[in-house]
Amino acid sequence: MALLDDSRNLPGIAGEARVEDYLALLKPSVMQLVVFTAIVGLVVAPGGINPVIGVIAIVCIAIGAGASGALNMWYDSDIDAIMSRTQNRPIPAGRIAREQALVFGLVLSVFSVALLGLATNWVAAGLLAFTIFFYVVIYTMWLKRSTPQNIVIGGAAGAFPPIVGWAAVTGNVSFESVVLFLIIFLWTPPHFWALALYKQSDYSAAGVPMMPNVVGEASTKLQIFAYTVILAAAAMLPTFFGFSGWIYTIVAVVTGASFTYLAWRLLRTREDVAMRKAARTLFNYSLSYLFIVFFAFMTDNLLTRFGSFT
């Protein structure tokens, strides 16, 4: 998923692995958004689900996301040791061996997929397995180091959780869940490219072809703005197709306009320090944006469903 995973504030002590180090392998900050969007997909899906089974499903999705994070850290430990925000992660800091992280990630992957299939259905389990595969193999092993479009294509991995949550309830993939996928998918490039703008030196030193390092700042800022405009439009699809109400519509309009304004301000900023500050502001806002929009969608749907029984 597309959150900033910053390890600089963790104690950098090499030695025997602690429980905290294994938890760090799961990328808990990234997991938060994965879990939340999966919950939204699960809660708004028609038909409902037994609360205990629902909790198990969310735990499985969280473990699957954590497994992806562990396998990502296993493969990327070489570049993590170079980048300032990741060099204190458990593997480059010497607290966990690469082989341990690999085994840990593989075991959690198999466990999460198998338990989700047994607890809910194998459609949801298959989607979770594909999500893990996509993030680890397609994004981490292939796209991340080979193309500046790594985030655009690889962003699909972080967009699957609401579809998995929906499928855990219904056993299928619906148009509504695909729209939720699309919103996250379109959100990912401006979110990550804003980060890349003020972390260019890190990505350059690690040899990761992020957009600013390949096509330059001006083109990156233009693409951020373009994706943001498309995202704001896509966020109106639930309203257009009638599966959201006025609460979501108002929130989507206001947050989309704010996101677009910040992207426009970044586009118009020329001076280096001001540009980096504007990029960081946009990045921080993008985190809040997705939480707010998905929370509004879930609230709107729950109120509509509750009202239909009164």
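These figures come from a predicted structure and were not determined experimentally.

Peer 1: Residue-level account of the packing of helix H5 (residues 98-119) against helix H6 (residues 122-143), with values.
Peer 2: Remark: H5 packs on H6, axes separated minimally by 7 Å, with the N-to-C direction vectors making an angle of 160°. One element, H5, and the other, H6, form an angle in the roughly antiparallel class. Pair H5 / H6 crosses with right-handed handedness. Residues Ser109, Ser112, Val113, Ala114, Leu116, Gly117 and Leu118 of H5 form the contact with H6, whose own contacting residues are Trp122, Ala124, Ala125, Leu128, Ala129 and Ile132. Within the contact of H5 with H6, the residues separate by chemical class into 10 nonpolar, 3 polar and no charged.

Peer 1: Tell me what's going on with a nonpolar patch on the surface, and back it up with residues and numbers.
Peer 2: A cluster of nonpolar side chains, namely Trp246, Ile250, Val253 and Val254, defines an oily patch on the protein surface of about 430 Å² accessible area. Here valine 253 shows up in helix H14 (residues 246-268). By relative accessible area, which is 45% here, valine 253 ends up partly exposed.

Peer 1: Give me the lowdown on the side chain of serine 286, citing residues and values where you can.
Peer 2: Relative to the helices and strands, serine 286 is located in helix H15 (residues 272-307). Judged by relative accessible area, which is 0%, serine 286 ranks as buried. If sequence neighbours within four positions are ignored, serine 286 has contacts with Trp187, His191 and Phe259.

Peer 1: Describe the confidence of the model for the protein, with residues and values.
Peer 2: Mean pLDDT over the protein stands at 90; residues scoring 70 or higher make up 93%. Within the model, the stretch residues 6-14 combines pLDDT values under 50 with 19 contacts to residues more than four positions away or in other chains.

Peer 1: Which residues make up the packing of helix H12 (residues 217-234) against H14, and what are the values?
Peer 2: Contact pair H12 / H14: the axes reach a minimum separation of 9 Å and the direction vectors enclose 170°. Our classification of the angle between H12 and H14 gives roughly antiparallel. Packed against H12, whose contacting residues are Lys221, Leu222, Ile224, Phe225, Thr228, Val229, Leu231 and Ala232, the element H14 presents Gly256, Phe259, Thr260, Ala263, Trp264, Leu266 and Leu267 at the interface. In terms of residue class, the contact of H12 with H14 is built from 11 nonpolar, 3 polar and 1 charged.

Peer 1: Can you break down helix H2 (residues 28-44) residue by residue, with the values?
Peer 2: End to end, H2 covers 24 Å across 17 residues, agreeing with the expected 24 Å (1.5 Å per residue, within 8%). Of all 17 residues that make up H2, 12 are buried, and the element is covered over most of its length. Turning to H2, its buried residues are Val30, Met31, Leu33, Val34, Val35, Phe36, Thr37, Ala38, Val40, Gly41, Leu42 and Val44.

Conventions adopted
Residues numbered from 1 in each chain as written. Predicted model: local features only at pLDDT ≥ 70, side-chain atom pairs only at ≥ 80, totals over all residues. Heavy atoms only, no water. Axes fitted to C-alpha atoms, helices over the stretch in contact; angles between N-to-C directions. Helix = DSSP H or I, 4+ residues; strand = E, 2+ residues; numbered from the N terminus. Parallel < 35°, antiparallel > 145°, perpendicular 65-115°, else oblique. Left-handed = near helix turned anticlockwise from the far one by under 90°. Contact = heavy atoms within 4.5 Å. Nonpolar A, V, L, I, M, F, W, Y, C, P; charged D, E, K, R; others polar. Patch = residues over 30% accessible without salt bridge, like charges linked within 9 Å, V, L, I, M, F, W, Y side chains within 5 Å. Areas by Shrake-Rupley, 256 points an atom, 1.4 Å probe, with all protein chains shown as cover. Salt bridge = Lys/Arg side-chain N within 4 Å of Asp/Glu carboxyl O. Buried < 20%, exposed > 50% of the residue type's maximum accessible area, 1.4 Å probe, protein only. pLDDT = per-residue confidence, 0-100. Expected span 1.5 Å × (residues − 1).

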